[in-house]
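Coordinate inspection notes
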Amino acid sequence: MTELIKPHGRQPLQPRLLHGEEKKEALKSAEQLAKIPLNSRELSDLVMLGIGAYSPLTGFMGYDTWQSVCQDMVLLNGVFWPLPIMLSVQQELAASLTPQQKIALVSDVGDIVGTLMIQEKFQVDLKVECSRVYGSCDLAHPGVSTTLGQSPICVSGSVDVFSQGSFPEKFSEIYLTPEQTRAEFQAKGWHDVVAFQTRNPIHRAHEFLIKTALQVADGVLIHSVLGSLKQDDVPAEVATKAIARLIEGYFNKQHIIQSGIPYQMRYAGPKEALLHGIIRQNYGCSQLIVGRDHAGVNGYYGPFEAQMIFDKIAPDAMDIKPLKLDWAFWCRECQGMATQKTCSHDTLSRLQLSGTVLRQALMNGDPIPEHFSREDVLRILRDYYEST
């Protein structure tokens, strides 16, 4: 059997999702517990804990762990971890909660989706968190806005998870857990697997990066973000449909797996790129494509900061490695996709490809330059924007 990269921390995956009779009994008991509502990011984090995508984490972080992660990017046991995973509680609810109390975790529609045994109740400085995680406290930053909009009172503890939300049904054709992707890779005999993270449809530059990765890997996992996105992002169900069409028409499907991840973007740029690496290691990938402005937003981070941060962490911080790829563009003189390393023509000859530019043109009904994206993929996106 193919030997895959070990999960982060070099320990087995730590899924917290209950099944069968165990889940039935736990859910029945949870109906009698105090109920704590989750926001969309916390619900996403709970599902990620449930399927083992955040291994070795088994629950939400306590104060000392929060402080250690914010300051030094390590858990208390020394395992590398770049971003805090927290559960906030509104003040009026927090007053009645005590350590060693079990609470029910509830989705926005009132479903009990898990339980948590409170280990600690504490308060954090959200501005310190934003400064450390995002490098900014500017409310125009979507990650900062989400963080500063929540309560500073948090509870920590291990979780039991009852639900994966609507993800398995809504994205039934592509939804896979870390255990399932690892099984797929082994069935295909893959060892070197590259992950391509995307929250958008794939334009020609992305296609070029993926095909470049395929030259050095057994296969590529195209991994779409399925959680809540920015208001101007293309909805995940539209983006994944467009990606499926691209794979069908322009890739060797024997070396591609399309899947999705129940994750909500934080837009934390370089530090989030590190978390994306940990997550993909748990899914069984040995490399992560890190391109221009990975996990960035609105110019808050330099175009290649997310690549450079991998050189600033300890070599043994995580086993997955970044595949650092240059900014790709269509060169009119070369008559093909190129990068600054392969093309010597001036910028006037280059069609710069950007998901932001593509979304803006589609929203405005503007013509899309030739070679920006595949026409049959664009048709799916145009149909969506024309219907909204």
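This text gives an overview of the structure that appears in the document.

Rules behind the numbers
- Residues numbered from 1 in each chain as written.
- Predicted model: local features only at pLDDT ≥ 70, side-chain atom pairs only at ≥ 80, totals over all residues.
- Heavy atoms only, no water.
- 1 Å grid on protein atoms, 1.4 Å probe; cavity = no way out; pocket = protein on both sides within 12 Å on 5 of 7 lines; lining within 4 Å.
- Points joined across faces, edges and corners; volume = space filled by probe spheres on them.
- Helix = DSSP H or I, 4+ residues; strand = E, 2+ residues; numbered from the N terminus.
- Nonpolar A, V, L, I, M, F, W, Y, C, P; charged D, E, K, R; others polar.
- Disulfide = S-S within 2.5 Å.
- Salt bridge = Lys/Arg side-chain N within 4 Å of Asp/Glu carboxyl O.
- Buried < 20%, exposed > 50% of the residue type's maximum accessible area, 1.4 Å probe, protein only.
- Contact = heavy atoms within 4.5 Å.
- Pairing = 2+ DSSP bridges.
- Axes fitted to C-alpha atoms, helices over the stretch in contact; angles between N-to-C directions.

1. A look at empty space enclosed by the protein
Unoccupied space between atoms shows up once a probe the size of one water molecule is rolled over them. Within the structure shown, the criterion is met by three cavities of 30 Å³ or more. Taken as a whole, the largest cavity holds about 100 Å³ of empty space. Elements that contribute at least two residues to the lining of the largest cavity include exactly helix H2 (40–50) and helix H5 (126–133). Sorting elements by how many residues they give to the lining of the largest cavity places H2 first, with three residues. Class assignment for the residues of the lining of the largest cavity results in five nonpolar, one polar and five charged.

2. What to know about the state of the cysteines
The full count for this structure, using the stated rule, is zero disulfides. Of all cysteine sulfurs, the one in Cys334 lies closest to Cys331, which takes part in no disulfide; the gap is 3.5 Å.

3. Quick notes on the pattern of salt bridges
Taken as a whole and judged by the stated rule, the model has 13 salt bridges. The shortest N-O distance in the salt bridge between Arg266 and Asp45 comes to 2.7 Å. Residue Arg266 is found in the loop between strand E9 (256–261) and helix H11 (270–282), and its partner Asp45 is found in helix H2; the two are separated by 221 residues along the sequence. When sorted by exposure, Arg266 lands in the same class as Asp45, which is buried. A salt bridge links Arg359 to Asp233; the shortest N-O distance between them is 3.8 Å. Here Arg359 is found in helix H13 (residues 355–364), whereas its partner Asp233 is found in the loop between strand E8 (219–225) and helix H10 (236–250), with 126 residues between them in sequence. Comparing Arg359 with Asp233, the two get one shared label, buried.

4. Some details on the environment of Cys334
Inspection of the secondary structure puts Cys334 in the loop between strand E12 (328–331) and strand E13 (336–339). Overall, the relative accessible area of 37% leaves Cys334 in the partly exposed class. Those residues in contact with Cys334, other than ones at most four positions away along the chain, are Cys343 and His345.

5. Examining the layout of surface pockets
The computed volume of the largest pocket comes to approximately 780 Å³. Together, 32 residues line the largest pocket, and Asn200, His206, Arg292, Asp293 and Gly355 are the ones closest to its centre. Listed by contribution, the elements that provide at least two residues to the lining of the largest pocket are strand E7 (193–198), helix H9 (204–214), strand E10 (287–290) and H13. A volume near 530 Å³ is recorded for the second largest pocket. Lining the second largest pocket are 29 residues, with Leu43, Gly165, Ser166, Phe167 and Ser228 sitting closest to its centre. Only helix H1 (20–30), H2, strand E4 (112–117), helix H7 (167–170) and H10 provide two or more residues apiece to the lining of the second largest pocket. When residues of the lining of the second largest pocket are assigned to their parent elements, the largest contribution, four residues, is made by H2. Of the residues contributing to the lining of the second largest pocket, the split by class is 14 nonpolar, ten polar and five charged.

6. Focus: the sheet that holds strand E14 (residues 350–352)
Two orientations exist for strands paired in a sheet by backbone hydrogen bonds: parallel and antiparallel. Pairing is antiparallel in the open sheet, where three strands are placed in the order E13-E12-E14. Here the strands that pair on one side only, and so sit at the sheet edges, are E13 and E14. For this sheet, the mean angle separating the axes of adjacent strands, direction not counted, is 45°. Of the pairings in the sheet, the one linking E12 to E13 comprises four bridges and is antiparallel in character.

7. Considering the environment of Asn298
Mapped onto the elements, Asn298 comes out in the loop between E10 and helix H12 (305–308). On the accessibility criterion, Asn298 (62% relative accessible area) is exposed. As a C-alpha pair, Asn298 and Leu4 span 294 residues in sequence and 36 Å in three-dimensional space.

These values are about where atoms sit, not about what they do.
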